[in-house]
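# Survey of secondary and tertiary structure
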Amino acid sequence: MVIVGGGSCGSVLAARLSEDPACSVLLIEAGAGGAVRGPSPAHILPIGPGSPRTRHYATTLRRGVAGALVRGCGLGGSGAVNGAYFVRATPADLDAWGSAVGGRSGRTGWSYGDTLPYFRRSEDDYDFGSSALHGDAGPVPVSRRTAESWSTVTARFVAAAGAMGFHAEPDKNAGGPAGVGPVPCNIDRGMRVDPGSAYLGAAARRPNLTVWAGTTVRALRTAAGTVHAVEVVRDGALLEVQAHNVVLAAGAIETPALLWRSGIGDPRMLGAAAVHALPGVGREFSDHPEITIPYNPAPPAGEQVSEECAAPPILEACLNLDSGDGAVEIRPYTASFGDAVPGNPPMPSVLGAALMSPWGRGRMVPHPADPWGAPRIEHHYLSDPRDKAAAAAAVDLARGLLDAAGLGAVIDGVPPRLGTSQHLSGTCPMGADPGTAVVDPRCRVHGLGGLYIADTSVFPRVPSRGPHATAVMLAERAAEFVASGLR
Ligand SMILES: Cc1cc2nc3c(=O)[nH]c(=O)nc-3n(C[C@H](O)[C@H](O)[C@H](O)COP(=O)(O)OP(=O)(O)OC[C@H]3O[C@@H](n4cnc5c(N)ncnc54)[C@H](O)[C@@H]3O)c2cc1C
């Protein structure tokens, strides 16, 4: 078994599949560093210029607006450098996923009921323990900051949202009505516990699990409709590694890129290099646009700040609204991205207003001149009039909250800025129809034997919450599908 990519999903897959001593697993990760890094300070995002733990990509957010995408690289992947917000997709998201992909409920289903056991299995919820909704024995610790330890920004924001009539949501992973409340985080005592640390830490010593870091998979080798090997670059040499099964978990940018480099995709795009037709690769993706509103923070008004507040995660609480024309998330960041991201220049404090169920879809295509170059990415943010209207309403709401909370004053002459939440999803979507989908409901690539995809590229659409907890659930579920295919 070869797993390509040791990020959020690849770590889960490698650990779960190697639980069976008869299954020999090779995990191949492009980023350097063979050892699992272990938990890292959650209030720092090591994604700034020059960070050895990231790869950067250019995108066009909308016509005339350039943007930058970041992906983690190294064991733990993007999960090891992210904001540590660990919120599940909503029951409505998952039920829509189940209906969209048409798998049979319970066996290959993706509805809320089908997926709940895998969310529970992945977590150790420090606040809610074991219950019908939560697990207390999984590898990922999940915790929420208590109101007593909130930073001033969070405390003022939550109070203002309550005063404005938004109802309290004490557990954003309970599947209840959306509101304002603490963000569940994969944090233990201030440290981000990414899936690499959580899952691979214990598994790495198993004799049937080999980890090759600093090794890049260049292409898949296929013959007679089956993938039988991967071509890798390791220590400067090009090698071919034979495999009975290959699981791609290289993330929502590199997984489609790897398929294209292997001749898998839309033949109209690949031309003579085409080996297997799957026109859905890169055709439509979704992500959460975020508009940030810069402000000058108000001076403290004598609030008591506990010692624990000294280094809060970047987001301790948020407001979710699921009604009306689309889901919205208002994010009161506890620090400026100049302070939280080493290497960034000084930046103002911002409040974020994100569209969490956008209608617009992005498109990714291979680099036009260089098959080894980064794909061309276009987000097409706010291209749909419904998104434009929702964005304007979300910015108004965020400004109202900024005011009501007394967080500070909007900076004159600095307009709100369109950016991305970095939640790219759905570049190789799951579905029953190989004309549009790339994998079936068991994560098998349509029409090719021996090849699975299990990462955020297979989400039919981005969930209406951050994708990380849902990515870990997906990998838990995919590991079972892959293992059952071996029997
Ligand atoms: C800066 C940032 C902040 C974020 N914050 C949050 C948050 O707070 N909450 C949330 O829910 N989501 C957040 N996200 C999104 C979330 O972290 C990702 O959606 C999730 O981690 C993606 O998991 P993945 O397994 O699909 O990909 P990744 O975790 O990106 O893993 C892909 C791995 O594959 C490796 N790889 C790629 N190509 C190859 C190759 N050819 N050969 C070998 N290895 C390869 C990469 O190096 C990487 O390690 C954030 C993302 C970023 C970048």
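Residues numbered from 1 in each chain as written. Predicted model: local features only at pLDDT ≥ 70, side-chain atom pairs only at ≥ 80, totals over all residues. Heavy atoms only, no water.

The protein chain has the name Mycofactocin system GMC family oxidoreductase MftG in an unreviewed UniProt entry, where Tomitella cavernea is given as its organism. Check the Cofactor (unreviewed entry) section of the UniProt entry for the protein chain; it says "FAD". (UniProt positions renumbered as here; feature names shortened; annotations may be inferred.)

## Describing the side chain of serine 8
Mapped onto the elements, serine 8 comes out in helix α1 (residues 8-17). A distance of 3.3 Å separates a polar side-chain atom of serine 8 from the backbone nitrogen of glycine 79. Excluding residues that lie within four positions of it along the chain, serine 8 makes contacts with Gly76, Ser78, Gly79, Pro195 and His468. (Helix = DSSP H or I, 4+ residues; strand = E, 2+ residues; numbered from the N terminus. Polar contact = N/O pair within 3.5 Å; in protein donor to acceptor, adjacent residues only side chain to side chain. Contact = heavy atoms within 4.5 Å.)

## Some words on α1
Given 3.6 residues per helical turn, the α-helix brings residues three or four places apart onto the same face. Taken across its ten residues, α1 has ten buried, putting it largely inside the fold. Ser8, Cys9, Gly10, Ser11, Val12, Leu13, Ala14, Ala15, Arg16 and Leu17 are the residues of α1 that are buried. (Buried < 20%, exposed > 50% of the residue type's maximum accessible area, 1.4 Å probe, protein only.)

## A short note on the UniProt feature "domain: Glucose-methanol-choline oxidoreductase N-terminal" (unreviewed entry) in the protein chain
In the numbering used here, UniProt assigns the feature "domain: Glucose-methanol-choline oxidoreductase N-terminal" (unreviewed entry) to residues 72-95 and 251-265. The span residues 72-95 shows a helical share of 21% and a strand share of 4%, and its end C-alpha atoms are spaced 29 Å apart. Annotated as 73% helix and 13% strand, the span residues 251-265 places its first and last C-alpha atoms 17 Å apart.

## Some details on the site of the ligand
In the vicinity of the ligand lie 35 residues, with Ser8, Glu29, Ser78, Thr456 and His468 positioned nearest. The contact in question runs from an oxygen atom of the ligand to an N or O atom on the side chain of glutamate 29, over 2.7 Å. Between an oxygen atom of the ligand and a side-chain N or O atom of asparagine 82, the distance comes to 3.0 Å. In the complex, the protein chains occlude 96% of the 1000 Å² of accessible area that the ligand would expose alone. When contributions to the shell around the ligand are tallied by element, the ones reaching two or more residues are α1, β5 (65-72), β12 (215-223) and α6 (251-261). Residue composition of the shell around the ligand, by class: 13 nonpolar, 18 polar and four charged. (Near = heavy atom within 4 Å. Areas by Shrake-Rupley, 256 points an atom, 1.4 Å probe, with all protein chains shown as cover. Nonpolar A, V, L, I, M, F, W, Y, C, P; charged D, E, K, R; others polar.)

## Regarding the nonpolar core
Counting 84 residues, the largest nonpolar core has Ile3, Leu13, Val246, Leu259 and Leu451 as its most contacted members. Counting residues per element, this core draws most heavily on helix α10 (residues 468-486), at ten residues. Within the second largest apolar cluster, 31 residues are counted, among which are Leu351, Ala391, Ala394 and Leu407. (Core = buried A, V, L, I, M, F, W, Y, C linked by side-chain atoms within 4.5 Å.)

## Points about the sheet that holds strand β14 (residues 237-242)
Two modes of strand pairing occur in sheets, parallel and antiparallel, and in both the strands are linked by backbone hydrogen bonds. Taken together, the three strands give an open sheet; going across it, the order is β12-β13-β14, and neighbouring strands pair in antiparallel fashion. Here the strands that pair on one side only, and so sit at the sheet edges, are β12 and β14. Within the sheet, the average angular offset between the axes of one strand and its neighbour, ignoring direction, is 25°. Relative to β14, strand β13 (residues 226-234) is paired through six bridges, and the arrangement is antiparallel. Residue pairing across strands places valine 232 opposite leucine 239, the latter belonging to β14. (Pairing = 2+ DSSP bridges. Axes fitted to C-alpha atoms, helices over the stretch in contact; angles between N-to-C directions.)

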